[in-house]
Amino acid sequence: MAPNWFMYFIMFWAFVMIGFMSIGGYFMFRKFLKVLPMRDGKSKLDWQNYWVERSRGMWTDDAKGFLDKLVSPVPSAFRDIARHSIAAKIAQVAVEGGSNEVSRGHCIEGYIRATPKRDYRSLITFLEKEQIDYTPYRHLLNK
């Protein structure tokens, strides 16, 4: 018969594996929900691609550099995905505002709109640390 500690060791690893599989399943399910079409027939990812493609010629080198600065606190494993979704929101703000190019103001507003409310505290901390003036957009943080 196996020692008692070995059975506890196996049970511990079974719970750890179930936990890891649950976490992975959660993130895969969230990705699946982004691909499902909304009422208009397009998914969230379709709209992100639409806004990025629509604004491709509007991005200046300054705006691209500023976007890279804004996504710098995101962990490198998720940075490309975050850059794409934030760029889509920035592009939407710029296009719907009738602008010919993406400005720093569009970047700040789109960055705030793309950030979930639960992350506003870290967003404000980052903007203040980088000395980025967000006072014209402070009303967006109070919704």
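A quick note: this is a predicted structure, and the numbers were derived from the prediction, not measured.

Here the focus is the pattern of salt bridges. Applying the stated criterion to the full structure yields 6 salt bridges. A salt bridge links Arg 56 to Glu 53; the shortest N-O distance between them is 2.5 Å. Residue Arg 56 is classed as exposed on the basis of its relative accessible area of 51%. Here Arg 83 and Asp 80 are joined by a salt bridge, their closest N and O atoms 3.0 Å apart. In this pair, Arg 83 and Asp 80 are both assigned in helix H4 (residues 79-96), 3 residues apart and thus about one turn of the helix distant. Relative accessible area serves as the criterion here: at 25%, Arg 83 is assigned to the partly exposed category. Several salt bridges share partner residues, and in doing so they unite Asp 68, Asp 80 and Arg 83 into one network.

Bringing the side chain of Thr 115 into the picture now. Secondary-structure assignment places Thr 115 in the loop between helix H5 (104-114) and helix H6 (120-129). Residues contacting Thr 115, with those up to four places away along its chain left out, are Tyr 120 and Leu 123.

It is worth spelling out the packing of aromatic side chains at this point. Between two aromatic rings, the relevant description is the distance of the centres plus the angle of the planes. For the coordinates displayed, the defined rule picks out 8 aromatic pairs. Relative to Phe 6, the ring of Trp 5 lies with its centre 5.9 Å away and its plane at 85 degrees, an arrangement referred to as edge-to-face. With relative accessibility at 60%, the residue Trp 5 sits in the exposed group. Among the aromatic side chains, those forming a connected cluster through ring pairs are Phe 9, Phe 12 and Trp 13. Over the ring of Trp 47 we find Lys 42, and its NZ or CZ is 4.7 Å from the ring centre. Against the face of Tyr 50 rests Lys 42, its NZ or CZ located 4.9 Å from the ring centre.

Of the pockets and cavities examined, the largest pocket occupies roughly 1200 Å³. Forming the walls of the largest pocket are 32 residues, and the residues nearest its centre are Arg 30, Lys 34, Ile 81, Ala 82 and Ser 85. Broken down by secondary-structure element, the contributors of at least two residues to the lining of the largest pocket are helix H1 (4-35), helix H2 (44-54), H4, H5 and H6. Per-element tally for the lining of the largest pocket: the top contributor is H4, with 8 residues.

Spacing of three or four residues puts side chains on the same side of an α-helix, whose turn is 3.6 residues. Every buried residue of H6 is listed here: Tyr 120, Leu 123, Phe 126 and Leu 127. One face of H6 carries all of its buried residues, which in axial projection span an arc of 125 degrees. Every exposed residue of H6 that faces more than 90 degrees away from the buried side is listed here: Arg 121 and Lys 129. Looking at the packing, one finds that the buried side of H6 touches helix H3 (61-70), H5 and helix H7 (138-141). Once H6 ends, the next one or two residues include Gln 131, with phi positive near 55 degrees.

Sequence positions flagged by UniProt for "transmembrane region" (unreviewed entry) are, in local numbering, residues 6-29. End C-alpha atoms of residues 6-29 are separated by 34 Å, and the span's content is 100% helix alongside 0% strand.

Criteria and thresholds
- Residues numbered from 1 in each chain as written.
- Predicted model: local features only at pLDDT ≥ 70, side-chain atom pairs only at ≥ 80, totals over all residues.
- Heavy atoms only, no water.
- Salt bridge = Lys/Arg side-chain N within 4 Å of Asp/Glu carboxyl O.
- Buried < 20%, exposed > 50% of the residue type's maximum accessible area, 1.4 Å probe, protein only.
- Helix = DSSP H or I, 4+ residues; strand = E, 2+ residues; numbered from the N terminus.
- Contact = heavy atoms within 4.5 Å.
- Phe/Tyr/Trp six-rings, centres within 6.5 Å; stacked < 30°, edge-to-face > 60°.
- Lys NZ or Arg CZ within 6 Å of the ring centre and 35° of its normal.
- 1 Å grid on protein atoms, 1.4 Å probe; cavity = no way out; pocket = protein on both sides within 12 Å on 5 of 7 lines; lining within 4 Å.
- Points joined across faces, edges and corners; volume = space filled by probe spheres on them.
- Arc of directions from axis to C-beta.
- UniProt positions renumbered as here; feature names shortened; annotations may be inferred.

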